[in-house]
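What follows is the residue order along each chain.
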Amino acid sequence: LLTQRMGDRKATRSVFLNFFRIAVLDNDDTECACSAKVLCAYALFEMRQGNARKAFELVKTAIKFDRTLTPVLQWKQFRDVATQTAS
């Protein structure tokens, strides 16, 4: 969040990508609420950067870690992407 507040999008994305690699790709855990929340933050960052489809996929991954985050898919920006993806 610090790099994001400083406006360093490249560094912010790098931090999120490193987290994604460690928490998702290199980890066998399938349930972790903490990781899910960080992935949602990553998704919101990507949404703000104009990467809606990537954000949608990140949220779906987050929900695999913590099903209580399912309502996030009802947020307008994610509903819009889901509609576009279904078309």
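**Observations regarding the confidence of the model for the protein chain**
Okay, step 1: With 92% of its residues at a pLDDT of 70 or more, the protein chain shows a mean pLDDT of 86.
Okay, step 2: Within the protein chain, the element-level pLDDT minimum falls on helix α1 (residues 2–5), averaging 68, and the maximum on helix α4 (residues 52–65), averaging 93.

**What about the packing of helix α3 (residues 33–48) against α4?**
Okay, step 1: Where α3 contacts α4, the axes come no closer than 8 Å and their chain directions differ by 170°. By the angle between their directions, the pair α3 and α4 is classed as roughly antiparallel. From α3, Ala-33, Ser-35, Ala-36, Leu-39, Cys-40, Tyr-42, Ala-43, Glu-46 and Met-47 reach across to α4, where they touch Ala-52, Lys-54, Ala-55, Leu-58, Val-59, Thr-61, Ala-62 and Phe-65.
Okay, step 2: Looking at the contact of α3 with α4, its residues break down into 13 nonpolar, 2 polar and 2 charged.

**As for the pattern of salt bridges**
Okay, step 1: Enumeration according to the criterion identifies 5 salt bridges in this entry.
Okay, step 2: The salt bridge partner of Asp-66 is Lys-37, with a shortest N-O separation of 3.8 Å. Of this pair, Asp-66 sits in the loop between α4 and α5 (76–86) while Lys-37 sits in helix α3; the two residues are 29 residues apart in sequence, bridging distant segments of the chain.
Okay, step 3: A salt bridge links Asp-80 to Lys-76, with the shortest nitrogen-to-oxygen separation between them at 2.7 Å. Taken as a pair, Asp-80 and Lys-76 lie in helix α5 at a separation of 4 residues, close to a single helical turn.
Okay, step 4: Given a relative accessible area of 34%, Asp-80 falls into the partly exposed group.
Okay, step 5: It is possible to trace a salt-bridge network through shared partners that takes in Arg-13, Glu-46 and Lys-54.

**A word on the packing of α4 against α5**
Okay, step 1: Packing of α4 against α5 leaves a shortest axis separation of 10 Å and a crossing angle of 105°. In terms of orientation, α4 lies roughly perpendicular with respect to α5. Where α4 approaches α5, its residues Ala-52, Arg-53, Ala-55, Phe-56 and Val-59 are matched on the opposing element by Phe-78, Val-81, Ala-82, Gln-84 and Thr-85.
Okay, step 2: Along the lines of polarity and charge, the residues of the contact of α4 with α5 split into 7 nonpolar, 2 polar and 1 charged.

Scoring rules and cut-offs
- Every chain is numbered independently, its residues counted from 1 as its sequence is written.
- Two thresholds apply to this predicted model, a pLDDT of at least 70 for residue-level local features and 80 or more for giving and counting side-chain atom pairs, whereas whole-chain, interface and lining totals are computed over all residues.
- To get the side-chain values, all heavy atoms of the structure are used, and hydrogens and water are removed first.
- Per-residue confidence from the predictor is reported as pLDDT, which spans 0 to 100.
- In DSSP terms, a helix is any run of H or I states spanning at least four residues, a strand is any run of E spanning at least two, and both are numbered starting from the N terminus.
- Between N-to-C directions, angles span 0 to 180 degrees; the directions come from axes that are lines fitted to C-alpha atoms, helices contributing only their stretch in contact.
- Roughly parallel means an angle under 35 degrees; roughly antiparallel, over 145; roughly perpendicular, 65 to 115; everything else is oblique.
- The contact criterion used is simple: two residues touch if any of their non-hydrogen atoms lie within 4.5 Å.
- Note on residue categories: nonpolar means Ala, Val, Leu, Ile, Met, Phe, Trp, Tyr, Cys or Pro, charged means Asp, Glu, Lys or Arg, and polar means any other residue, Gly included.
- The salt bridge criterion pairs a side-chain nitrogen of Lys or Arg with a carboxyl oxygen of Asp or Glu, the two atoms within 4 Å.
- A 1.4 Å probe rolled over the protein chains alone gives each residue an accessible area, and that area as a share of the maximum for its type sets the label: buried under 20%, exposed over 50%, partly exposed in between.

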